[in-house]
Amino acid sequence: MSTAKTLKDQSGEGPEKDPYPDNFKNMSQAEILLRVSDEISSMTTLDEQLGKLIELTGMATKAERGTLFLNDSTTGELYSKVAQGERRREIRILNTTGIAGHVYQTGESLLIADARSDDRFNSTVDETTGFVTRNMLCVPVKTRRGDILGVAQVINKTQGQFTKTDLDLFAAMIIQASVVLQSTLIVERMERNRVQEAKFLEIVAEVSSEIKLGPLLQLIMSTVTNMLHAERSTLFLNDEKTKELYTEIGQGLGAQKIHFPNNVGIAGAVFQSRESVNIPHAYADLRFNPAFDKQTGFFTRSILCVPVINKDGKTIGVTQVLNKKGGPFTEEDEARLKAFTAQIAIGLENAKLFDDVQQMKNYNESVLESMSNGVITFDEHGMIVTCNKAGLTITGCALEEVIGQAAASFFKESGDWVIDHMKRVEEEKKPSVVVEAQMKFNDEMKSVNMTVLPLTSGGKRDKLGTMMLIDDISKEKRMLSTMSRYMDAGVADKLMKGGEELLGGLSSEATVLFSDIRSFTTLSESLGPQGTVGLLNEYFTLMVDCIQVEGGMLDKFIGDAIMAIFGTPFAHDDDEDRGLRSAIEMMKELARFNRERIERNPKALQVDIGIGLNTDQVVSGNIGSPKRMDYTVIGDGVNLAARLESACKQYGANILISEYTFAKLKNTYHTREVDRVIVKGKTKPVIIYEVLDFHTPESFPNRVDVLGNFRNGVELYRNGDFQKAMDCFNQGIALHPEDQAAKMYVERCKVLMKKTPKDWDGVWVMTSK
């Protein structure tokens, strides 16, 4: 049975109307996360911690079932350490399949409203267990460095659908727990290393008194060559990561190394089949690869090749002997070689075990040095033993100023609470987590998250000391993290370095982009509240990616509308082109988005948008009240971009740009001048252009002829020859019946033919926004 409590009744009946007590009622997210840390930290084993984590996340999201998968790098599988509601102890799936596999490979969190309609959903587990998955949340389990350890998911919200809030809370709980989980994993990994070292010593004792593996293997291969009267012998080991065979010990090769796929050539065939091969004439065998002879300058005549199988029955390499002197290799030669490879396997297992331990040690040291968190360890007397690079940075001390210092003296500036936590951890032998604490080093106050863990061993010497993890969450770091959600991380970093000058207010030229969904009310009524939120989240994700890939800054969401800026806080020499390229890509992504929606639901309504762009001087900075401020831009240029987005409906266009943006474009685009207008609230006319680059021959047929007729019609219209203008527009409509701009001009011409305004100059005055 799973270590976690079951959220669904084992009888197979559905959950009760509300099976959850008010465990998290009236609790803020911070309080929930603190509870997660406290309860998980109170567990002593990894299974208990994972079980408690899934139990808490299931309660918080009100899910029927939860599962946490860890990745098995050896098999490329995700396996369940805890699966609520599942009788079996473990479930295994490939880490490239299903929704869990997608999350593991991409690192993105997913909210799946209808699992069975999702192409990534793997129904095998449901078919095996009899469970029916309706909806789910799935998030990656990451280390502090961002490495993905596995995937956590909760299934079937008991009432209604999962929401974005559920997803954010679920992801936050997993992130909060990752520190404790990773620490436990390290401790258990250290224990496994200890066991491996013990096995290593046993194997060395069995093989021989020779403790140096290199000389031992050289002796064995030399013995093989001499015993079989061969010219050369080579040992190929398998690299599981690259799936290659490579030389480790090779007679006659010197320092030369050879790498090749483990399914190529004679050695590859033996490795794959696990059967010995004795070939009297190498070049007569189709499996033989002569490229290696060309690479080494050796001529191969006969080959005897046997697999190297370890004590667990796993093939770890191949031993190959070449060119027996005086004739082909015999069955007796094959038997002798198999006996020797058994000894080689033992030696290799010893070497691999020792190498793994050394690599793990180096890996742990590398992890500590590369961590952004400070890690400080103390002995049982409270003296500092080690401090990583991040710890030195956070404390502002040199290494010699830290090592050997007493904890009470080192943390004196921060207050007695630090030492009190360390003593409590030593006494209770349980981790302690303090969130958003204040620590002082060298007269500088730091806002930190602090975790103190006991260091223990399984032997008689139980008390080894403590380890402290310090996460610097100072104001600048939190602000940078927040700003990175709205703009490219590099832009956010530059903005942070710009200081008060940029945040306080700056006048600069920028290109402003507004977009809005057409007939959103009708669309939202057809989808319902949850469907509307899901659609907007998916739509905004696609649109914001188009903006940020061109270096634009997302200013804000206004309902279903988007406002973005190109050129502030940092300008490029082609911000107008960046803004227009972003708009074109938004239309292309929208077309793909609509196709996918129609494929999933043929009755789904198409999503259509209008986009307006304008280039002008704007004022940017932090604007708002002391309680709530946003970095944004204001000015007449912003208002004109909004007017152009609204005007898209009148002209039947998807992208309209002002003459000020058009004049500064450096690249060439498919455009047409659609009008000269005076927008509401202004007195000066502005020329507006429609951009057509995203159109296909199907969506805008006969483009050249249609644009020619339109251009001629606009010229006649401005000269007051409305009848001839109407004829040109009608010719264009005949070629492209869906040209709404031409149809609009036909209607205008009809009105103007009845009553021509005095002093006609071809400028149209807009009476609405």
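Residues numbered from 1 in each chain as written. Predicted model: local features only at pLDDT ≥ 70, side-chain atom pairs only at ≥ 80, totals over all residues. Heavy atoms only, no water.

Draft legend 1. Structural view of the sheet that holds strand β13 (residues 374-378). In spatial order, the strands read β14-β13-β17-β16-β15; together these 5 strands make up an open sheet with antiparallel pairing. Two strands in the sheet have a free side with no partner beyond their single neighbour: β14 (384-387) and β15 (432-441). Sheet twist, expressed as the mean angle between neighbouring strand axes with direction ignored, is 30°. Direction of pairing for strand β16 (residues 444-456) relative to strand β17 (residues 463-472): antiparallel, over a ladder of 9 bridges. For Pro454, the partnering residue across the bridge sits in β17 and is Thr466. (Pairing = 2+ DSSP bridges. Helix = DSSP H or I, 4+ residues; strand = E, 2+ residues; numbered from the N terminus. Axes fitted to C-alpha atoms, helices over the stretch in contact; angles between N-to-C directions.)

Draft legend 2. Representation of a nonpolar patch on the surface. A surface patch of nonpolar side chains, about 230 Å² in accessible area, is lined by Val619, Ile623 and Ile634. Examined against the element boundaries, Ile634 turns out to sit in strand β22 (residues 628-634). Ile634 sits in the partly exposed class, given a relative accessible area of 46%. (Patch = residues over 30% accessible without salt bridge, like charges linked within 9 Å, V, L, I, M, F, W, Y side chains within 5 Å. Areas by Shrake-Rupley, 256 points an atom, 1.4 Å probe, with all protein chains shown as cover. Salt bridge = Lys/Arg side-chain N within 4 Å of Asp/Glu carboxyl O. Buried < 20%, exposed > 50% of the residue type's maximum accessible area, 1.4 Å probe, protein only.)

Draft legend 3. Representation of the pairing of β13 within the structure. When you tally the buried positions in β13, you get 5 out of 5 residues, the bulk of the element. Where burial is concerned, the two faces of β13 agree: the one with Gly374, Ile376 and Phe378 and the one with Val375 and Thr377 are both buried. For β13 and β17, the ladder comprises 5 bridges, and the chain directions are antiparallel. Directly across from Gly374, in β17, lies its bridge partner Ile470. Sheet topology note: the β13/β14 ladder contains 3 bridges and is antiparallel. Of the residues in β14, the one forming a bridge with Thr377 is Thr386. Between β13 and the antiparallel strand that follows it, β14, lie 5 residues; Gly382 among them carries a positive phi value of about 80°.

Draft legend 4. Geometry of the packing of aromatic side chains. Considering all chains together, one arrives at 17 aromatic pairs under this definition. Measuring from ring centre to ring centre gives 5.7 Å for Phe710 and Tyr745, while their planes differ by 80°; the resulting arrangement is edge-to-face. In this pair, Phe710 is assigned in helix α21 (residues 703-718) and Tyr745 in helix α23 (residues 740-754), connecting sequence segments 35 residues apart. Across the pair, Tyr745 and Phe710 agree in class, each one buried. Taken together through their ring pairs, the aromatic side chains of Phe710, Tyr717, Phe722, Phe729, Tyr745 and Trp760 make up a single cluster. Over the aromatic face of Tyr745 sits the side chain of Arg748, whose NZ or CZ is 5.2 Å from the ring centroid. The ring of Trp764 carries the charged tip of Arg748 above its face, separated from the ring centre by 3.9 Å. (Phe/Tyr/Trp six-rings, centres within 6.5 Å; stacked < 30°, edge-to-face > 60°. Lys NZ or Arg CZ within 6 Å of the ring centre and 35° of its normal.)

Draft legend 5. Examining the environment of Ser37 more closely. Here Ser37 lies in helix α1 (residues 29-41). Here the alpha-carbon distance between Ser37 and Ser432, two residues 395 residues apart in the chain, equals 8.7 Å. Excluding residues that lie within four positions of it along the chain, Ser37 makes contacts with Gln176 and Val433. (Contact = heavy atoms within 4.5 Å.)

Draft legend 6. Structural detail: helix α17 (residues 520-549). The terminal C-alpha atoms of α17, which comprises 30 residues, lie only 26 Å apart, well short of the 44 Å expected from a rise of 1.5 Å per residue. Of all the bends found along α17, the most pronounced is centred on Gly528 and spans about 120°, while Pro529, a proline, follows it within four residues. Inspection of α17 places Leu523, Gly528, Thr532, Leu535, Leu536, Tyr539, Phe540, Met543, Val544, Cys546 and Ile547 among the buried residues, and these make up the whole buried set. Turning to α17, the residues buried within the fold contact β18 (506-517), β19 (553-558), β20 (561-566), α18 (575-600) and β21 (609-625). Phi turns positive one or two residues past the end of α17, at Gly551, with a value near 80°. (Expected span 1.5 Å × (residues − 1). Bend = angle between axes of the 7 residues up to and from the residue.)

Draft legend 7. Expanded view of the nonpolar core. Tyr539, Ile609, Ile611 and Ile655 are the most contacted members of the largest nonpolar core, which totals 34 residues. Looking at this core, the elements that each hand over two or more residues are β18, α17, β20, α18, β21, β23 (655-658) and β25 (686-691). Those residues in contact with Ile655 that sit more than four places away from it in its chain are Leu580, Ala583, Ile584, Met587, Ile611, Leu613, Cys648, Tyr689, Glu690, Val691 and Phe694. Of all hydrophobic cores here, the second largest spans 32 residues; its members include Ala152, Leu167, Phe170 and Leu185. (Core = buried A, V, L, I, M, F, W, Y, C linked by side-chain atoms within 4.5 Å.)

Draft legend 8. Expanded view of the packing of α17 against α18. Two elements in contact, α17 and α18, have axes separated by 9 Å at closest approach and are oriented at 145°. As for the relative orientation of α17 and α18, their crossing is right-handed in sense. For the pair formed by α17 and α18, the contact residues are Leu527, Leu535, Glu538, Tyr539, Leu542, Met543, Cys546 and Ile547 on the first element and Ser582, Glu585, Met586, Glu589, Leu590, Phe593, Arg597 and Arg600 on the second. Among the residues forming the contact of α17 with α18, the class breakdown is 10 nonpolar, 1 polar and 5 charged. (Left-handed = near helix turned anticlockwise from the far one by under 90°. Nonpolar A, V, L, I, M, F, W, Y, C, P; charged D, E, K, R; others polar.)

Draft legend 9. A look at the side chain of Lys446. For Lys446, the location among the structural elements is in strand β16. Polar side-chain contacts of Lys446 include one of 2.9 Å to the backbone oxygen of Ile394. (Polar contact = N/O pair within 3.5 Å; in protein donor to acceptor, adjacent residues only side chain to side chain.)

Draft legend 10. Region of interest: the state of the cysteines. Within the structure shown, the criterion is met by 0 disulfides. Cys387 takes part in no disulfide bond, and the closest cysteine sulfur, belonging to Cys397, lies 8.1 Å away. (Disulfide = S-S within 2.5 Å.)

Draft legend 11. Molecular detail of helix α2 (residues 46-61). In this model α2 runs 22 Å from its N-terminal to its C-terminal C-alpha over 16 residues, within 8% of the 22 Å that 1.5 Å per residue would give. With 14 of 16 residues buried, α2 is to be regarded as a mostly interior element. Looking one or two residues past α2, Lys62 carries a phi angle of roughly 55°, positive in sign.

Draft legend 12. How the structure looks around the side chain of Thr395. Within the element layout of this structure, Thr395 appears in helix α10 (residues 389-395). A distance of 2.8 Å separates a polar side-chain atom of Thr395 from the backbone oxygen of Gly391. If we ignore the near neighbours within four places in the chain, the residues touching Thr395 are Phe410, Phe441 and Asn442.

Draft legend 13. Structural context of the pattern of salt bridges. One pass over the structure, following the stated rule, counts 30 salt bridges. Put simply, Lys724 and Asp721 hold a salt bridge, and the shortest N to O gap is 4.0 Å. Residues participating in the shared-partner salt-bridge network are Arg35, Glu39, Lys52 and Glu55.

Draft legend 14. Molecular detail of unusual backbone geometry. The peptide bond linking Thr568 to Pro569 adopts the cis configuration, its omega dihedral lying at 5°. Structurally, the position occupied by Pro569 is in the loop between β20 and α18. One non-glycine residue, Lys429, lies in the positive phi region at around 55°. Here Lys429 is to be found in the loop between α13 (416-428) and β15. At Asp443, a position not held by glycine, the phi torsion is positive, near 70°. Looking at where Asp443 falls in the secondary structure, it is placed in the loop between β15 and β16. According to the relative accessible area criterion, Asp443 is exposed, its value standing at 63%.

Draft legend 15. Molecular detail of the environment of Ser42. For Ser42, the location among the structural elements is in the loop between α1 and α2. Measuring from C-alpha to C-alpha, the distance between Ser42 and Pro431 comes to 7.2 Å, with 389 residues separating the pair along the chain. Within the local environment of Ser42, its side chain forms a polar contact with the backbone oxygen of Glu39, the two atoms lying 2.5 Å apart.

Draft legend 16. Focus on the confidence of the model for the protein. Per-residue pLDDT for the protein averages 81, and the proportion of residues at 70 or more is 83%. A low-confidence stretch, residues 1-21 (pLDDT under 50), is modelled with 41 contacts involving residues beyond four sequence positions or located in other chains. Contacts of residues 196-209 to residues separated by more than four positions or lying in other chains number 20 contacts, the stretch itself having pLDDT below 50. (pLDDT = per-residue confidence, 0-100.)

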